[in-house]
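Below, each chain spelled out in residue letters.
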Amino acid sequence: MFKIIRISPSIIATDYKNEDNLKSTLRTLEKAGCQLVHLDVMDGKFVKNITFDEKLVDFIKGQTTMLLDVHLMVEHPEEEVDKYIKAGADILTVHYENTPNLAEVLKYIRSKNVLAGVAISPSTPVIKIKDILAEDLADVVIVMGVRPGATGQTFIPGSAEKVAEVRELNKNVFISIDGGVNLKNAKILRKLGANILVSGKTIFASKNIKKTVKALKGRPFIRGIYSL
Ligand code: DX5
Ligand code: ZN
């Protein structure tokens, strides 16, 4: 059994507002072997920036066979999830910090046959989602490597240890590391237990996207103590 890393490129690091550019970006990512595309929804309230909403998610669904990895950085996500489920999210992630009824929201997302994710910001210790992990209520945990809100920030070093902590508490959950991932820290993040590397700047600022995706992915490795 091999552990395979998936790369989830974040389109906010490209000009997604230009339809032609967006379409050609999706083709490029498919050709580079990406199975996921990361969609950062920001509402200008939970975070300062505003990106896009379910309308763009719906449009992208019609344009690609990649799975849509939707990361909701919005206030009251429990009131928003339905729109994104309808728009075609394959993974739908809400933040621990602003989701009072986290277990219920995760259960609801799963009941719609969508993978349920919980994201933890740099200020949130892993212990806060201990029960969620113990009860296997999440399919994906996004460990943020930067403060949510923008692409192109520097990786906060303590985030790597948080990947290891989540892995310690749950051997099966998909761990996604989001923000500040680059060609230098990718290897250790893979080793510590991450399954999905989200990447904006590293991929889209590179000259050869295919090569960069391949380098971030690394070679499949023997799973060792991990079950994924
Ligand atoms: C940050 C977003 C990330 C970010 C990744 O709020 O969730 O997905 O755009 O971009 P890079 O890889 O440039 O940090
Ligand atoms: Zn994200």
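Residues numbered from 1 in each chain as written. Chains lettered and ligands numbered in written order. Predicted model: local features only at pLDDT ≥ 70, side-chain atom pairs only at ≥ 80, totals over all residues. Heavy atoms only, no water.

1. Regarding the site of ligand 1
Stated precisely, the cut-off is as follows: Only a single heavy atom is needed: when it lies within 4 Å of a molecule or strand, its residue is near that molecule or strand. In the analysis that follows, any N or O atom pair within 3.5 Å is treated as a polar contact, provided that within protein one partner can donate a hydrogen and the other can accept it, and provided that, for residues neighboring in sequence, both atoms belong to side chains. Only the protein chains shown count as cover for residues, and the accessible areas themselves come from Shrake-Rupley with a 1.4 Å probe. Strands here are runs of E lasting at least two residues and helices are runs of H or I lasting at least four, both read from the DSSP assignment and numbered beginning at the N terminus.
Taken together, 20 residues lie near ligand 1, and Asp40, Gly149, Thr151, Asp178 and Gly200 sit nearest. Backbone polar atom of Lys201 to an oxygen atom of ligand 1: 2.9 Å apart, as the coordinates give it. In isolation ligand 1 has 380 Å² of accessible area, and contact with the protein removes 99% of it. Those elements that place two or more of their residues in the shell around ligand 1 are β3 (36–42), β4 (67–73) and β9 (196–199). By residue number, the principal contributor to the shell around ligand 1 is β3, which donates 3 residues.

2. With respect to the pairing of strand β7 (residues 140–144)
Applicable threshold: Exposure is judged per residue with a 1.4 Å probe applied to protein chains only, and the accessible area is read against the type maximum: over 50% gives exposed, under 20% gives buried, and values in between give partly exposed. Here, any two strands with at least 2 DSSP bridges between them count as paired.
With 5 of its 5 residues buried, β7 lies for the most part within the structure. With 4 bridges connecting them, strand β6 (residues 115–120) and β7 associate as parallel partners. Each bridged residue has a counterpart across the sheet, and for Ala119 the counterpart in β7 is Ile142. Sheet topology note: the β7/strand β8 (residues 174–178) ladder contains 5 bridges and is parallel.

3. Remarks on the packing of helix α1 (residues 19–31) against helix α2 (residues 54–61)
The test is simple: Axis lines are fitted to C-alpha atoms, over the contacting stretch for helices. Their N-to-C directions set the angle, which ranges from 0 to 180 degrees. Angles are sorted into four bins: roughly parallel if under 35 degrees, roughly antiparallel if over 145, roughly perpendicular if 65 to 115, and oblique for all others. For any pair of crossing helices, the crossing counts as left-handed if the nearer helix is rotated counterclockwise from the farther one by less than a right angle, and right-handed if it is rotated clockwise. By definition, residues are in contact when any of their heavy atoms lie within 4.5 Å. Any residue outside Ala, Val, Leu, Ile, Met, Phe, Trp, Tyr, Cys, Pro, Asp, Glu, Lys and Arg is labelled polar, Gly included; the first ten of those are nonpolar and the last four are charged.
Where α1 contacts α2, the axes come no closer than 11 Å and their chain directions differ by 50°. One finds that α1 runs oblique with respect to α2. Note that α1 runs across α2; the crossing there is right-handed. Listed contacts from α2 to Glu19, Leu22, Lys23 and Leu26 of α1 are Leu56, Phe59 and Ile60. Its residues assigned to classes, the contact of α1 with α2 shows 5 nonpolar, no polar and 2 charged.

4. So, the packing of aromatic side chains
For clarity, the cut-off: For Phe, Tyr and Trp, rings pair up if their centres lie within 6.5 Å, where Trp contributes its six-membered ring, and each pair is then called stacked (planes under 30 degrees apart), edge-to-face (over 60) or tilted (otherwise).
All chains considered together, the criterion is met by 1 aromatic pair. Relative to Phe52, the ring of Tyr16 has its centre 5.2 Å away and its plane inclined at 75°; by these criteria the two rings are edge-to-face. Taken together, the residues Tyr16 in the loop between β2 (6–9) and α1 and Phe52 in the loop between β3 and α2 connect sequence positions 36 residues apart. Given a relative accessible area of 9%, Phe52 falls into the buried group.

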